[in-house]
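Chain and residue survey
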Amino acid sequence: MAGQLSSDHVVGRARVIDRIWRALQKKSLRFTAERRIGKTTIMKKMAAEPRPGWRVMFIDLEAISSAEKFAEDLVTRMRPWMSVEHAGKTLFQRFLETVGGSEIAGVFKLPEFGKLGWKATLEKAFEGIFAHLHAGRSSEMLLFLFDELPYMLQKISFYDERRGSQENSALEILDTLRELQGRFPQLRMVFAGSVGLHHVLHNIRGADFAAESLNDMPLVEIAPLDSDDAIQLASQLLDFDNVRTAGVDRESVVRCLAESTDGVPFYMERVVSQLADLERPVTTEDIRRSVRRHLTDDHDHWEMEHFRSRLRIYYPGEMSDAGRQPVAMRVVASAVLDILATATEPHTVERVWQELRARLPLTERQEIPGLLGLLVKDHYLISDEDKRYSFRFPLIRTWWILAQGLNS
Ligand SMILES: Nc1ncnc2c1ncn2[C@@H]1O[C@H](COP(=O)(O)OP(=O)(O)OP(=O)(O)O)[C@@H](O)[C@H]1O
Ligand SMILES: [Mg+2]
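It should be emphasised that the depicted structure is a prediction, and the values quoted were computed from it without experimental measurement.

This part is about the overall build of the protein chain. Secondary structure assignment for the protein chain yields 19 helices and 13 strands. With respect to the three principal axes, the spread of C-alpha positions in the protein chain is 75 × 65 × 40 Å. Per-residue burial over the protein chain gives 34% buried out of 408 residues.

Take a look at the structure:
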């Protein structure tokens, strides 16, 4: 949900983009990544530089809060693909005749008293486009890059519930997208967003099956920049903001910037802009100090508090302790993070369990592997080939230690 840059200014990402295009030959995909890693940037680059044989549409769904608006937005965006003529009429004219909607200043509107409803309308739009492609024997593939899809679903589900509606539009949207993927072999989609789709589905009524069927859309992990790319971006950002380095060792300063921000462009940009404000040549110490200041900033300009506050929403439910007293799952999750933030080596499930029991009188060990798995899905942790867990990002780990006051 950050500001955007043109595709020419995107540093690196060639390898992951290649991998994504290759995977898309076979199936639609889901992106998984921590916030601010650069998901939107990757999708926008893919839309700006489509591979031969692909038509690509990037759609930011952040502002959409109803299924009708979703359908209208999608049709409006597909409108240019429907301007081709067939027997004296454009695809779009035929589509309007069928669904009975209208177009005002290039924006498609569903009819007030719909003949078909949003779902069938959407299907008609896809049917028209694919019928045209098939008639021309075109093997062109269509790719929709849906950014902030989980956030949209969460909002739609919230509004449905607030209105006391019997409808379950969020689930219907997912079902519709899945059906479309099944019906049209030349159609691919990418689902991405800064909120975990697994959490959103968990909270949508009856979404268990939808959650399972998403397993058919492989996950692509978007990692921070590779170290060479992070160094290149660090160097570019310093140049761009005219930040000079003190002494002769510019290389160490650039490397320090790349490493101390975990190769995440968003954090790199913020540090460089603070360095520029110093209006003097900078050292590695200035960079470390700037990162530290951001991590301890009570105004929280990096919104790191999110990593702690979201535990309340992401980890609902309870475990019980030896006295059968309920212990909130978020408290257990938080204790696991405390343990691993201060650990000097990765921990097995058993080791985490032992250390947890030293803090909380828990009895339900069987809950711990699942909890650790969820903390991995939420990018707090990673596990190695011996299934030993540690923090995924050094920066978040350092923030956690500071924010929890574990740095005695
Ligand atoms: N490869 C890159 N090269 C240069 N700058 C980048 C790159 N990737 C990201 N950035 C910078 O970092 C900012 C944040 O990236 P982006 O918006 O793509 O992240 P995101 O993962 O979509 O974030 P969110 O989780 O908030 O949606 C961008 O606006 C851009 O300035
Ligand atoms: Mg984004």
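Anyway, onward from the coordinates.
On to the nonpolar core. Membership of the largest hydrophobic core comes to 50 residues, with the highest contact counts inside it found for A71, L145, F146, M152, L153 and V190. In terms of residues, this core owes the most to one element, helix α3 (residues 67–78), which gives six residues. Not counting residues within four places of it along the chain, the set of residues in contact with V190 comprises S28, L29, F31, M43, L145 and F146. Within the second largest apolar cluster, 48 residues are counted, among which are A234, L257, A258 and V264.

For strand β8 (residues 187–191), the buried fraction is high: four of the five residues fall into the buried class. Here strand β1 (residues 29–32) runs beside β8; their pairing, made up of two bridges, is parallel. Bridge pairing in β8 links L29 to V190.

Another aspect to go through is the domain arrangement of the protein chain. What the domain assignment reports for the protein chain is domain 1 (7–221), domain 2 (227–296) and domain 3 (306–403). Between the C-alpha centres of domain 1 and domain 2 the distance comes to 38 Å. Contacts between the two partners involve five residues from domain 1 and, on the opposite side, seven residues from domain 2. Of the residues that constitute the side of domain 1 that touches domain 2, the class distribution is two nonpolar, two polar and one charged.

Turning next to the sheet that holds strand β7 (residues 141–147). Taken together, the five strands give an open sheet; going across it, the order is β2-β7-β8-β1-β9, and neighbouring strands pair in parallel fashion. Taken across any chain shown, the strands that pair with only one partner, and hence form the sheet edges, are β2 (54–60) and β9 (219–221). Pairs of neighbouring strands in the sheet enclose a mean axial angle of 20 degrees, with direction left out of account. When β7 meets β8, the two strands line up parallel, connected through five bridges. If you follow L145 over to β8, its bridge partner there is V190.

Per-residue confidence for the protein chain gives a mean pLDDT of 90; residues scoring 70 or more make up 97%. Per-element confidence in the protein chain is highest for strand β13 (residues 389–391), whose mean pLDDT is 98, and lowest for helix α9 (residues 208–213), whose mean pLDDT is 73.

Of note, P218 is situated in the loop between α9 and β9. Note: C-alpha distance between P218 and A23 (195 residues apart in sequence) is 8.6 Å.

Our focus in this paragraph is unusual backbone geometry. At N242, a position not held by glycine, the phi torsion is positive, near 55 degrees. Structurally, the position occupied by N242 is in the loop between α10 (227–240) and α11 (250–260). Of the residues examined, N242 has 8 C-beta atoms within 10 Å and is grouped as exposed. In this structure, D262 takes a positive phi of about 60 degrees despite not being glycine. Among the structural elements, D262 can be located in the loop between α11 and α12 (265–278). Judged by C-beta crowding, with 22 C-beta atoms within 10 Å, D262 ranks as buried.

Tracing the backbone through its elements, the reader meets P265 in helix α12. In sequence terms P265 and I231 are 34 residues apart; their C-alpha atoms lie 10 Å from each other. Ignoring any residue separated from it by four or fewer positions in sequence, one finds P265 in contact with G38, L225 and L233.

A separate point is the packing of α12 against helix α13 (residues 284–296). Their axes nearest at 10 Å, the elements α12 and α13 cross at an angle of 120 degrees. By the criterion of interaxial angle, the relationship of α12 to α13 is oblique. Remark: the crossing between α12 and α13 carries right-handed chirality. Taking contact as the criterion, the partners of R270, V271, Q274, L275 and L278 in α12 are, on α13, D286, I287, S290, V291 and H294. Here the residues of the contact of α12 with α13 sort into five nonpolar, three polar and two charged.

Before going further, it helps to spend a moment on the packing of α3 against helix α5 (residues 117–135). At a minimum axis separation of 9 Å, α3 and α5 run at an interaxial angle of 20 degrees. Taken together, the axis directions place α3 and α5 in an arrangement best described as roughly parallel. Judged by the sense of rotation from one axis to the other, the crossing of α3 with α5 is left-handed. Across from A67, E68, A71, L74, V75 and M78 in α3, the residues of α5 making contact are W118, T121, L122, A125 and I129. Within the contact of α3 with α5, the residues separate by chemical class into nine nonpolar, one polar and one charged.

Each value, and the rule that gives it
In this numbering scheme, every chain counts its residues from 1 along its sequence in written order. Chains and ligands are labelled sequentially in the order written, the chains with letters from A and the ligands with numbers from 1. Totals for whole chains, interfaces and linings use every residue, but because this is a predicted model, local features are given only for residues with pLDDT of at least 70 and side-chain atom pairs only at 80 or more, for both listing and counting. Secondary structure is summarised from DSSP: a helix means a run of H or I of at least four residues, a strand means a run of E of at least two, and numbering begins at the N terminus for each. Any residue with 12 or fewer other C-beta atoms within 10 Å of its own C-beta is exposed, any with 20 or more is buried, and the rest are partly exposed; the C-beta atoms used are placed from the backbone. Nonpolar cores are built from buried Ala, Val, Leu, Ile, Met, Phe, Trp, Tyr and Cys residues. These are joined into a set through C-beta atoms within 7 Å. Distance between backbone-placed C-beta atoms decides contact: two residues are in contact if it is within 7 Å. Two strands form a pair only when DSSP identifies at least two bridges running between them. Delimitation of the domains relies on an automatic or database domain assignment. Polar here means any residue other than Ala, Val, Leu, Ile, Met, Phe, Trp, Tyr, Cys and Pro, which are nonpolar, and Asp, Glu, Lys and Arg, which are charged; Gly is therefore polar. Fitted lines through C-alpha atoms serve as axes, helices being fitted only where they are in contact, and the angles separating the N-to-C directions of these axes extend from 0 to 180 degrees. What pLDDT conveys is the predictor's confidence in a given residue, as a value from 0 to 100. Note on angle classes: values under 35 degrees are labelled roughly parallel, values over 145 roughly antiparallel, values of 65 to 115 roughly perpendicular, and the remainder oblique. Left-handed describes a crossing whose near helix is turned anticlockwise from the far helix through less than a right angle; right-handed describes the clockwise counterpart.

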